[in-house]
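# Results of the structural survey
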Amino acid sequence: MTPIKYELIKTCKQTGARLGKVTTPHGTFETPIFMPVGTLATVKTMSPDDLHSMNAKIILSNTYHLWLRPGEDIVQEAGGLHKFMNWDGPILTDSGGFQVFSLSDMREIKEEGVHFRNHLNGEKLFLSPEKAMHIQNALGSDIMMAFDECPPYPATYEYMKSSVERTSRWAERCLEAHQRKSDQGLFGIIQGGEYEALRKQSASDLISLDFPGYAIGGLSVGEPKEVMNRVLEFTTPLMPNDKPRYLMGVGSPDSLIDGAIRGVDMFDCVLPTRIARNGTCMTSNGRLVVRNAKYARDFTPIDENCDCHVCKNYSRAYIRHLIKCNETFGFRLTTYHNLYFLLKLMEQVREAIREDRLGDFKEAFFEQYGLNKPNAKNF
């Protein structure tokens with residue numbers, strides 16, 4: 001019996017986007033949803049109370065980073081990730097695959113797993129499907145991800161075919177090694193790059209293994225937006241209707257809306273938190289770099305259309321001053337605002353699906369955000 005359940009509530013008549021509900025051992029959330037990323041068992045500069053106040057329902061942590069620091073044994077001894085970080089909602093852990101494969105000059109892929117060097121101290125390490133399952137079982141997340149190979153973009157058809165086949169073999173090994181099937185759900189990851197035939201092969205292999213949910217991997221790795229949308233258009237119809245669909249590593253506002261329209265339920269990305277620390281804010285009128293000199297005497301909020309506590313209480317001039325002085329409070333304020341902005345955007349997307357008007361919503365949002373202009377600045 002899987003601990004992860006998905007219920008399809010409604011399909012938008014205008015776009016085909018799905019409104020759904022995912023149930024996990026630590027709570028239920030409606031989809032489409034954006035998940036803030038808490039790489040090292042913390043969403044950078046945010047407390048669990050902050051996350052609750054902005055209505056975050058599920059967050060991510062990272063298997064690779066927590067394995068290195070503090071070690072999965074310490075997290076397990078603390079009572080699991082939820083107790084360790086004092087977060088009572090659902091948690092998804094990725095498998096560590098993306099991080100390992102991003103260390104391309106320090107790793108060697110074998111059938112048994114990946115040999116690579118610790119990016120912190122150069123120590124030799126080995127990560128396999130079995131090890132990734134062992135770490136995630138110890139962390140105790142609600143949703144675990146299978147260990148897959150994350151190929152580079154672009155990659156040849158031949159390379160991608162061999163990579164997809166390895167990912168399928170590793171997925172089987174992950175299922176066999178998973179020790180907590182009653183209280184942790186394991187999602188498979190569909191790979192295949194931009195090749196439709198390989199996405200079909202990967203989806204077919206993984207669906208035959210009957211995971212409780214499926215992710216689409218290998219996107220948001222440098223390909224143009226049109227390629228990502230095209231891949232989603234032929235990949236999501238291959239996925240089961242009665243299980244959640246998760247697009248990994250996507251967090252720009254336009255891509256969240258485009259992904260939802262193409263049938264995606266769950267998204268995550270470090271983008272809103274990372275750019276916040278550089279003083280870049282997401283607003284209803286597009287990108288705003290609050291550290292720029294022109295905001296030194298601007299006593300208006302970051303976004304006049306936003307009702308978050310940052311926009312209600314602090315001015316662009318004050319936040320710019322904090323960030324220019326490297327004050328942590330400035331990073332807290334921009335991070336809170338960016339996460340709130342995306343979580344609110346997904347609330348609006350869900351409401352638009354409920355009312356069969358997501359196409360109209362997209363058009364109005366893109367117009368106000370400035371995405372319809374030539375050479376529009378995105379993230």
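Residue numbering note: each chain is counted from 1, following its sequence as written. pLDDT decides what is reported in this predicted model: residues at 70 or higher carry local features, side-chain atom pairs at 80 or more are listed and counted, and totals for whole chains, interfaces and linings draw on all residues regardless. Only hydrogens and water are set aside; all other atoms, that is, all heavy atoms of the structure, feed into the side-chain values.

## Section: the packing of helix α6 (residues 129-139) against helix α7 (residues 157-177)
Axes here refer to lines fitted to C-alpha atoms; in helices the fit is confined to the stretch in contact. Angles between the N-to-C directions go from 0 to 180 degrees. Each helix corresponds to a stretch of at least 4 residues labelled H or I by DSSP, and each strand to a stretch of at least 2 residues labelled E; elements are numbered beginning at the N terminus. At a minimum axis separation of 8 Å, α6 and α7 run at an interaxial angle of 40°. On the basis of their axis angle, the class for α6 and α7 is oblique. For the element pair α6 and α7, the recorded crossing hand is right-handed. Here α6 contributes Pro129, Glu130, Met133 and Asn137 to the contact with α7, which in turn contributes Trp170, Arg173, Cys174 and Ala177. Taken together, the residues of the contact of α6 with α7 break down into five nonpolar, one polar and two charged. Orientation labels follow simple angle bins: below 35 degrees gives roughly parallel, above 145 gives roughly antiparallel, 65 to 115 gives roughly perpendicular, and whatever is left gives oblique. By convention, the crossing between two helices is left-handed when the near helix turns anticlockwise from the far helix through less than a right angle, and right-handed when the turn is clockwise. Working rule for contacts: check all heavy atoms of both residues, and any pair within 4.5 Å makes them a contact. Three classes are used: nonpolar for Ala, Val, Leu, Ile, Met, Phe, Trp, Tyr, Cys and Pro, charged for Asp, Glu, Lys and Arg, and polar for all others, with Gly counted as polar.

## Let's talk about the packing of helix α9 (residues 225-235) against helix α10 (residues 253-261)
Running from amino to carboxyl end, α9 crosses α10 at an angle of 20°, the nearest separation of the two axes being 10 Å. When the interaxial angle is binned, α9 and α10 end up roughly parallel. Of the two possible hands of crossing, α9 and α10 adopt the one that is right-handed. For the pair α9 and α10, contact is made by Lys225, Met228, Asn229 and Leu232 and by Asp254, Ser255, Asp258 and Gly259, respectively. Classifying every residue of the contact of α9 with α10 by side-chain character gives two nonpolar, three polar and three charged.

## Focus on the sheet that holds strand β3 (residues 27-31)
Strands in a sheet are paired, the pairing made by backbone hydrogen bonds, and the direction either parallel or antiparallel. A pair of strands counts as paired when DSSP detects no fewer than two bridges linking them. With antiparallel pairing, the three strands of this open sheet are ordered in space as β1-β2-β3. The two strands at the open ends of the sheet, each matched to only one other strand, are β1 (5-11) and β3. Along the sheet, successive strands turn relative to each other by an average axial angle of 15°, direction set aside. Inspection of the sheet shows strand β2 (residues 18-24) paired to β3 by five bridges, in the antiparallel sense. Bridge pairing in β3 links Val22 to Phe29.

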